Amino acid sequence: MPPTLASLVHHSALKLTVRAGEDRLDVPVRWAHVSELADPVPYMEGGELLLITALKLDAEDPEAMRRYVKRLAGAGVVGLGFAVGVNYEDIPAALVEAARQEGLPLLEVPRRTPFLAISKAVSAAIAADQYRAVTAGFAAQRELTRQALTDGPEGLLTALASQVDGWAALYDASGAVVATAPEWAGRRAARITADVERLRERPAPASSVVAGPEDEDRVELHSLGTGRRPRAALAVGTAAALGTAERYAVHSAIALLTLTTERSRSLHAAEQRIGTAVLRMLLAGEPDHARAVAGDLYGALLDAPFRMIVAESVAVSGSASAALAAVENPPRVQAGAKPSAAALAAASGTGGDPLGALAEIVESAAARAGESVLVVPEGERLVVLAADGGAAVAACAEYATALEAARAGSAVRESAVGEEDELVVGLSAPAGPIAAAAAYKQAEQALSVARRRGRVCVEHEQLAAGSVLPLLADDAVRAFADGLLRALREHDATGRGDLVASLRAWLSRHGQWDAAAADLGVHRHTLRYRMRRVEEILGRSLDDPDVRMELWLALKATSAD
């Protein structure tokens, strides 16, 4: 520990005597400084032991000494050393009384003890303390390295928590807690995930301090990784600010964990190349070759039903219409799926890379669940192969739900129209290796529908279970419908008959004259006449099933009018 006034008083060679402030001798001394100025405060930084002979002070004036001592204490001076036998044979009573009133330690320096000896003693003690801290830091570095090599990040966290006499936690790229030490720190680490998310938005390396309530610890957060986006984060909680030795230990842990994440990045790139080869073989109809290449890395993924996910980043206009689409067409997710904190945070700001954010979310969820997941960038797309019903698919659904909410909220708040990259996802039905190409086609079809509807995510199963009518919500289809029915609407506008309503009733009754006429409240001969007029105006025969189909879809596409 650094030198204190008490350690200087007990220094046998200095022969210092305490004249005031006996109860405040345990304060650290940052430096010993000599000054005979009447006001040395402008040159003080705090923590100094000030040494004087009172050459320019009226040390016998009580009022002057009260002002002098008060300014020293206010500047953070921790003690005052007075040399006797130089200008004064003894410390003046006025100075002693002022020091006692202010509670400032006052040390009597004998004639035979030069100020230089006190300065050397302080300097030597500070140097010894720094040497001990550096030595302890190197010892901590060796221990952390040994633990990292033998037990991985978990062992490193355990050693770090012991070194700082606190706790440590590691977070993955999505901001989720990966490991903690000791185990009881898991709940504490989970409470600061929002702070970790904010740290992830800053370019690496970045750090911050989280100050909790008075009864809680002090937490330092550090990003890990050398890229623009952090690969992970380290949290260190202690009862007080870190000392020099503890700081060395934390910096060593950051370096070791960064090396681990960078090594993981290289391995991830190699695994991604294998995943790309596996995907190409599956889509080429070669499941046996794909399984051979997959090996232990992706073999488990091909042994059970999987989902194919195809995602794109598209530029869309940020307007209130997007919010309306999000409200009217909420994404269908698995039962019980709700946006997690990580999904909500990722949805609120993707850093301009929605595909990268989705990849992080899916991979992190799979890693935490011990699942295999195949993530392959494919040009402007991202293709994911994930276990059906697994954590990766659920994380994708959570992320889609959070994105829908965030997109709707921002569109409602901002009336200005601008373009930004947004995520669009298509999800296939469960499939196996033999049907991988069909699953990819299903995901593409769902992606196309999601893009047309202004949705974040659409499952292929929704297309078969729902109605074809929502697919008609397209400008080209609407234009076709308006053009097909325009002549009939113009005829009705002259008041010469209600051909559009009659056509709708007749088609809805499958051409049954009596039922359709009853719905309209007219005679069946009147309805027959109106249908002949429809054929004459359109130049088409209602006996043709294709014509009837086109007219019915046109009526449905314009039914909101």
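Owing to the predicted nature of the structure, the values given are computational and were not obtained by experimental measurement.

Chemist: Is there a simple way to explain the overall build of the protein in this structure?
Modeler: Assigned secondary structure in the protein consists of 19 helices and 15 strands. A buried classification covers 45% of the 561 residues belonging to the protein. Pairs at least 24 apart in sequence give 65% of the contacts found in the protein among residues at least 6 apart. Split by element, the accessible area of the protein, about 27,600 Å² in all, is 53% carbon and sulfur.

Chemist: Mind showing me how you'd approach the packing of helix 17 (residues 513-520) against helix 18 (residues 524-538) here?
Modeler: Packed helix pairs are characterised by how far apart their axes lie and by the angle those axes make with each other. At their nearest, the axes of helix 17 and helix 18 sit 9 Å apart, and the two run at 100 degrees to each other. The orientation of helix 17 relative to helix 18 falls into the category roughly perpendicular. Here Trp-513, Asp-514, Ala-516, Ala-517 and Leu-520 of helix 17 lie close against helix 18, whose contacting residues are Arg-524, Leu-527, Arg-528, Arg-530 and Met-531. The residue makeup of the contact of helix 17 with helix 18, split by class, is 6 nonpolar, no polar and 4 charged.

Chemist: When you look at the sheet that holds strand 5 (residues 106-109) in this model, what are you seeing that I'm missing?
Modeler: Backbone-to-backbone hydrogen bonds pair the strands of a sheet. The strands run either parallel or antiparallel. Read from one edge of the open sheet, 5 strands run 1-5-4-3-2, paired in mixed fashion. Both edges of this open sheet fall to strand 1 (17-20) and strand 2 (31-34), since each of them pairs with a single strand only. Across the sheet, the mean angle from the axis of one strand to that of its neighbour is 30 degrees, orientation sign disregarded. In this sheet, strand 3 (residues 48-52) lies alongside strand 2 in parallel orientation, the contact comprising 4 bridges. Bridge pairing in strand 3 links Val-34 to Leu-51. Contacts from helix 4 (residues 115-164) reach strand 2, strand 3, strand 4 (79-83) and strand 5 within the one sheet, and its direction differs from that of strand 2 by about 160 degrees.

Chemist: In this structure, what is going on with the sheet that holds strand 10 (residues 232-238)? I would like to understand it.
Modeler: Spatially, 7-6-10-9-8 is the arrangement adopted by the 5 strands of the open sheet, whose pairing is antiparallel. Each end of this open sheet is capped by a strand with a single partner; those strands are strand 7 (177-181) and strand 8 (207-211). Each adjacent strand pair in this sheet contributes to an overall mean axis angle of 20 degrees, direction not counted. Two strands pair when backbone bridges link them, and strand 6 (residues 167-171) and strand 10 are joined in this way by 5 bridges, in the antiparallel orientation. Note that in strand 10 the partner of Ala-168 across the bridge is Val-236. Contacts between helix 4 and the sheet are confined to strand 6, strand 7 and strand 10, with strand 6 contributing the most and set at about 150 degrees to the helix.

Chemist: Can you help me understand the packing of helix 15 (residues 475-493) against helix 19 (residues 545-557) in this one?
Modeler: Remark: helix 15 packs on helix 19, axes separated minimally by 9 Å, with the N-to-C direction vectors making an angle of 115 degrees. Taken together, the axes of helix 15 and helix 19 are roughly perpendicular relative to one another. For the pair helix 15 and helix 19, the sense of crossing is left-handed. For the pair helix 15 and helix 19, contact is made by Val-477, Arg-478, Phe-480, Ala-481, Leu-484 and Leu-485 and by Glu-550, Leu-551, Ala-554, Leu-555 and Ala-557, respectively. Residues that form the contact of helix 15 with helix 19 fall into these classes: 9 nonpolar, no polar and 2 charged.

Chemist: What should I look at first to understand the packing of aromatic side chains in this one?
Modeler: Any pair of aromatic rings gets described here by the distance separating the centres and the angle formed by the planes. Following the criterion strictly, the structure yields 2 aromatic pairs and no others. Plain terms: the ring middles of Phe-82 and Tyr-88 are 6.1 Å apart, the flat faces sit at 55 degrees to each other, and that makes the pair tilted. Classification of Phe-82 as buried rests on a relative accessible area of 0%. On the basis of relative accessible area, Tyr-88 is assigned to the buried category, the value being 17%. Where Trp-506 meets Trp-513, the ring centres are 5.5 Å apart and the plane angle is 40 degrees; that geometry is what we call tilted. Residue classification places Trp-513 among the partly exposed residues on the basis of a relative accessible area of 23%.

Chemist: Just checking my understanding: could you explain the pairing of strand 13 (residues 381-387) for this structure?
Modeler: The two faces of a sheet get side chains in turn, since along a regular strand they alternate between them. Summarising burial for strand 13: 6 of the 7 residues are buried, a large majority. The sheet contact formed by strand 12 (residues 373-378) and strand 13 spans 6 bridges and is antiparallel. Bridge pairing in strand 13 places Pro-377 opposite Leu-382. Here strand 12 folds back onto strand 13 in antiparallel fashion, the turn holding 2 residues, of which Gly-379 has a positive phi close to 65 degrees.

Chemist: Help me understand unusual backbone geometry, please; the structure alone is not making it clear to me.
Modeler: The general pattern is negative phi for most residues beyond glycine and trans for most peptide bonds. Here Ala-181 and Pro-182 are connected by a cis peptide whose omega angle stands at -10 degrees. Structurally, Pro-182 can be placed in the loop between strand 7 and helix 5 (185-190). Positive phi outside glycine occurs at Ala-54, with the angle close to 65 degrees. Mapped onto the elements of the fold, Ala-54 is located in the loop between strand 3 and helix 2 (62-74). Assessed through its relative accessible area of 3%, Ala-54 is described here as buried. Backbone geometry at His-510 places phi at a positive 55 degrees, although glycine is not the residue there. Within the element layout of this structure, His-510 appears in the loop between helix 16 (499-508) and helix 17. With relative accessibility at 71%, the residue His-510 sits in the exposed group.

Chemist: How do you make sense of the pairing of strand 10 when you look at a structure like this?
Modeler: Extensive coverage of strand 10 is indicated by the burial of 7 of its 7 residues. Burial along strand 10 is two-sided: Ala-232, Leu-234, Val-236 and Thr-238 and Ala-233, Ala-235 and Gly-237, pointing in opposite directions, are all buried. Pairing geometry for strand 9 (residues 218-224) and strand 10, over 7 bridges, is antiparallel. Bridging across to strand 10, Ser-223 finds its partner in Ala-233.

What counts and how
- Sequence order sets the numbering: in each chain, residues are counted from 1 along the sequence as written.
- Since the coordinates come from a predicted model, pLDDT governs what is reported: local features require at least 70, and pairs of side-chain atoms require 80 or more to be given and counted, while whole-chain, interface and lining totals use all residues.
- Here the side-chain values reflect all heavy atoms present in the structure, with hydrogen atoms and water set aside.
- For helices the rule is a DSSP run of H or I covering at least 4 residues; for strands it is a run of E covering at least 2, with both sets numbered from the N terminus onward.
- Exposure is judged per residue with a 1.4 Å probe applied to protein chains only, and the accessible area is read against the type maximum: over 50% gives exposed, under 20% gives buried, and values in between give partly exposed.
- Two residues qualify as a contact provided that any one of their heavy atoms is within 4.5 Å of a heavy atom in the partner residue.
- All accessible-area figures derive from a Shrake-Rupley calculation using a 1.4 Å probe, and residue coverage is judged against the displayed protein chains alone.
- As a rule, the C-alpha atoms of each element are fitted with a line to give its axis, helices using only the stretch in contact, and angles between N-to-C directions run from 0 to 180 degrees.
- Reported orientations rely on four angle classes, namely roughly parallel under 35 degrees, roughly antiparallel over 145, roughly perpendicular from 65 to 115, and oblique for the rest.
- Gly counts as polar in this scheme, as do all residues outside two lists: the nonpolar Ala, Val, Leu, Ile, Met, Phe, Trp, Tyr, Cys and Pro, and the charged Asp, Glu, Lys and Arg.
- We treat two strands as partners when DSSP finds at least two bridges between them.
- By definition, turning the near helix anticlockwise from the far helix through less than a right angle yields a left-handed crossing, and turning it clockwise yields a right-handed one.
- Aromatic pairing here means that ring centres of Phe, Tyr or Trp (its six-membered ring) are within 6.5 Å. Orientation follows from the plane angle: under 30 degrees is stacked, over 60 is edge-to-face, and everything else is tilted.

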